[in-house]
Amino acid sequence: MVNENLPANGLESVKYRRNCNTLVILGTGVILYGFWTIIKIAMCLIFGVELFDEKDVAEFGPVGMTFVMIILVLMLAVDVFIRLYAGLRARYEGTGKKAGKGYLVWCVWLILESAFSIFIVVPDIIDMNGDFIDTYLSVFMELTSAAMTIEVFLAGISVKRYRKKLKEGKLSAG
């Protein structure tokens, strides 16, 4: 998979290969999570699940709701693009190619986004407001996304450090 004249079974080499594998597998997961968000919204629309309360619809009116929907679509598109970029670059890095540091920055953004999403839902959990299953499922999905993205970030940092040591000749053979 990766050919960089690595020491065959040194501890750091094994950790490096495991982290490369992590980047490929979980990079794919980061991408898929972005598409899951789109599928979830589409399914709500197909099955007639209301995305907004009647009170909100009445408050914003038809023009305001159109504006809100445009903003929602733009936010979803940006989220999918960021996840696609971060996931593809992580996969690229995991296959032994240089991917730059930009995807790590976007991973931090995605982690913060997940933390914010969880923080917003906590009052609903504490007060037992809203749909129990939907609320807990949303928290579970956000926690999963955050954990996956944290793993990608940590594996990416580790791979970059290993490659830097290898390039500087600081690693011993074997």
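Residues numbered from 1 in each chain as written. Predicted model: local features only at pLDDT ≥ 70, side-chain atom pairs only at ≥ 80, totals over all residues. Heavy atoms only, no water.

1. Comments concerning the overall build of the protein chain
At step 1: Within the protein chain one finds four helices and zero strands.
At step 2: Listed by position from the N terminus, the elements making up the protein chain come as α-α-α-α.
At step 3: A compact globule built from 174 residues should have a C-alpha radius of gyration of about 16 Å, whereas the protein chain, at 20 Å, is more than 25% larger.
At step 4: Seen through its principal axes, the protein chain has C-alpha atoms that stretch 70 × 30 × 25 Å.
At step 5: For the protein chain, buried positions account for 33% of its 174 residues.
At step 6: A separation of at least 24 residues holds for 73% of the contacts in the protein chain among residues at least 6 apart in sequence.
At step 7: Total accessible area on the protein chain is roughly 11300 Å²; 69% of this is exposed by carbon and sulfur atoms.
At step 8: With 18 positive and 17 negative side-chain charges, the protein chain shows a spacing of 22 Å between the two charge centroids. (Helix = DSSP H or I, 4+ residues; strand = E, 2+ residues; numbered from the N terminus. Rg over C-alpha atoms; globule rule 2.2 N^0.38 Å. Buried < 20%, exposed > 50% of the residue type's maximum accessible area, 1.4 Å probe, protein only. Contact = heavy atoms within 4.5 Å. Areas by Shrake-Rupley, 256 points an atom, 1.4 Å probe, with all protein chains shown as cover. Lys, Arg positive; Asp, Glu negative; His and termini not counted. Charge placed at Lys NZ, Arg CZ, Asp CG, Glu CD.)

2. Regarding a nonpolar patch on the surface
At step 1: Together, L32, F35, W36, I38, I39, M43, I46, F47, V49, L84 and L88 give the surface a local cluster of nonpolar side chains, amounting to about 1000 Å² of exposed area.
At step 2: For the nonpolar patch, the secondary structure elements donating two or more residues are α1 (11-46) and α2 (54-94).
At step 3: With seven residues, α1 is the largest single contributor of residues to the nonpolar patch.
At step 4: Residue position: W36 is located in helix α1.
At step 5: The class for W36 is partly exposed, based on a relative accessible area of 34%. (Patch = residues over 30% accessible without salt bridge, like charges linked within 9 Å, V, L, I, M, F, W, Y side chains within 5 Å. Salt bridge = Lys/Arg side-chain N within 4 Å of Asp/Glu carboxyl O.)

3. Comments concerning the nonpolar core
At step 1: By size, the foremost hydrophobic cluster in this structure holds 19 residues, and its most contacted members are L23, Y103 and V152.
At step 2: Looking at this core, the elements that each hand over two or more residues are α1, α2, α3 (102-127) and α4 (132-168).
At step 3: Residues within four places of V152 in sequence aside, it is in contact with L23, L26, G27, V30, A90, Y103 and C107. (Core = buried A, V, L, I, M, F, W, Y, C linked by side-chain atoms within 4.5 Å.)

4. Details of the layout of surface pockets
At step 1: Estimates place the volume of the largest pocket at around 1800 Å³.
At step 2: Contributing to the lining of the largest pocket are 41 residues, with K40, I41, L72, S117 and S138 lying nearest its centre.
At step 3: Of all elements in the fold, only α1, α2, α3 and α4 reach the threshold of two or more residues within the lining of the largest pocket.
At step 4: Here the element with the most residues in the lining of the largest pocket is α2; it accounts for nine residues.
At step 5: The space that makes up the second largest pocket amounts to roughly 370 Å³. (1 Å grid on protein atoms, 1.4 Å probe; cavity = no way out; pocket = protein on both sides within 12 Å on 5 of 7 lines; lining within 4 Å. Points joined across faces, edges and corners; volume = space filled by probe spheres on them.)

5. Details of α1
At step 1: Taking 1.5 Å as the rise per residue, α1 with 36 residues should run 52 Å; its terminal C-alpha atoms sit 51 Å apart, in good agreement.
At step 2: Immediately downstream of α1, the backbone of G48 shows phi near 75°, a positive value. (Expected span 1.5 Å × (residues − 1).)

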